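# Structural overview
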Amino acid sequence: LPGVPGHLYYLFTTASDFMSQRTACAAQGGTTYLAIPDDAAELQALVAVAAQPALWVGIDDEIVEGNYLTVRGQPPPYLPWAAGQPDDQPPGEDCVAALPDATLDDPQCSNSLRAICECEP
């Protein structure tokens, strides 16, 4: 991606729920997972490539409400929430999606969105 050297990515053009996309990324083999934006440049590159209203990123608070972790079990390095987010409204909004303005939202995990997998070289 432009401005993100040293990272490899794979775009899933078919939209699906968070867990299906997470599983599909892991099934790619090696160390592959739903993309986790490290900074503004990476998040902007991800949303530009996805060209969709929203895109799953590898962050959720499914285990403990309000305690966001990456799909790798670590605290997220970058969380630029959209205004009023995360709001958990309606209750159960536990997954994180990147919006076109390179901010984050907490939609229902059952929503159907595209995803980008990040692969460690």
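To be clear, the structure that these remarks concern was listed above.
These numbers were taken from a predicted model, which means no experiment stands behind them. (Residues numbered from 1 in each chain as written. Predicted model: local features only at pLDDT ≥ 70, side-chain atom pairs only at ≥ 80, totals over all residues. Heavy atoms only, no water.)

What follows concerns the overall build of the chain. When its secondary structure is counted, the chain shows 2 helices and 7 strands. Order of helices (α) and strands (β) in the chain, N terminus to C terminus: β-α-β-α-β-β-β-β-β. Relative to the globule expectation of 14 Å for 121 residues, the C-alpha radius of gyration of the chain, 13 Å, shows essentially globular dimensions. Projected onto its principal axes, the C-alpha positions of the chain cover 35 × 25 × 25 Å. Across the 121 residues in the chain, those meeting the buried criterion constitute 45%. In the chain, of all internal contacts separated by at least 6 residues, the share reaching a separation of at least 24 is 65%. Element-wise, carbon and sulfur atoms account for 54% of the exposed surface of the chain, whose accessible area totals about 5,700 Å². (Helix = DSSP H or I, 4+ residues; strand = E, 2+ residues; numbered from the N terminus. Rg over C-alpha atoms; globule rule 2.2 N^0.38 Å. Buried < 20%, exposed > 50% of the residue type's maximum accessible area, 1.4 Å probe, protein only. Contact = heavy atoms within 4.5 Å. Areas by Shrake-Rupley, 256 points an atom, 1.4 Å probe, with all protein chains shown as cover.)

Right, let's talk about the environment of Ala115 for a bit. Mapped onto the elements, Ala115 comes out in strand E7 (residues 113-119). For the pair Ala115 and Ala35, spaced 80 residues apart in sequence, the C-alpha separation works out to 7.9 Å. If we ignore the near neighbours within four places in the chain, the residues touching Ala115 are Tyr10, Leu11, Phe12, Gln21, Leu34, Leu55 and Trp56.

Looking now at unusual backbone geometry. In this structure, the amide linkage connecting Gln85 to the following residue, Pro86, adopts the cis form with an omega of -5 degrees. Mapped onto the secondary structure, Pro86 falls in the loop between strand E4 (69-70) and strand E5 (95-98). The linkage connecting Gln89 with the following residue, Pro90, adopts the cis geometry, with an omega of 0 degrees. Assignment of secondary structure puts Pro90 in the loop between E4 and E5. Even without being a glycine, Ala102 presents a positive backbone phi close to 65 degrees. If you trace the backbone, Ala102 turns up in the loop between E5 and strand E6 (104-105). Residue Ala102 is classed as buried on the basis of its relative accessible area of 12%.

The next thing to look at is the state of the cysteines. Enumeration according to the criterion identifies 2 disulfides in this entry. Between Cys25 and Cys117 runs a disulfide, and the two sulfur atoms are separated by 2.1 Å. Disulfide Cys25-Cys117: torsion about the S-S bond near -90 degrees, hence left-handed. Within this pair, whereas Cys25 is found in helix H1 (residues 18-26), its partner Cys117 is found in strand E7, the two being separated by 92 residues in sequence. Between the sulfur atoms of Cys95 and its disulfide partner Cys109 the distance amounts to 1.9 Å. Its S-S torsion of about 100 degrees marks the bond between Cys95 and Cys109 as right-handed, since a negative value means left-handed. One end of the pair, Cys95, is in strand E5; the other, Cys109, is in the loop between E6 and E7, with 14 residues separating them in the sequence. (Disulfide = S-S within 2.5 Å.)

These results come straight from atomic positions and should not be treated as a statement about function.
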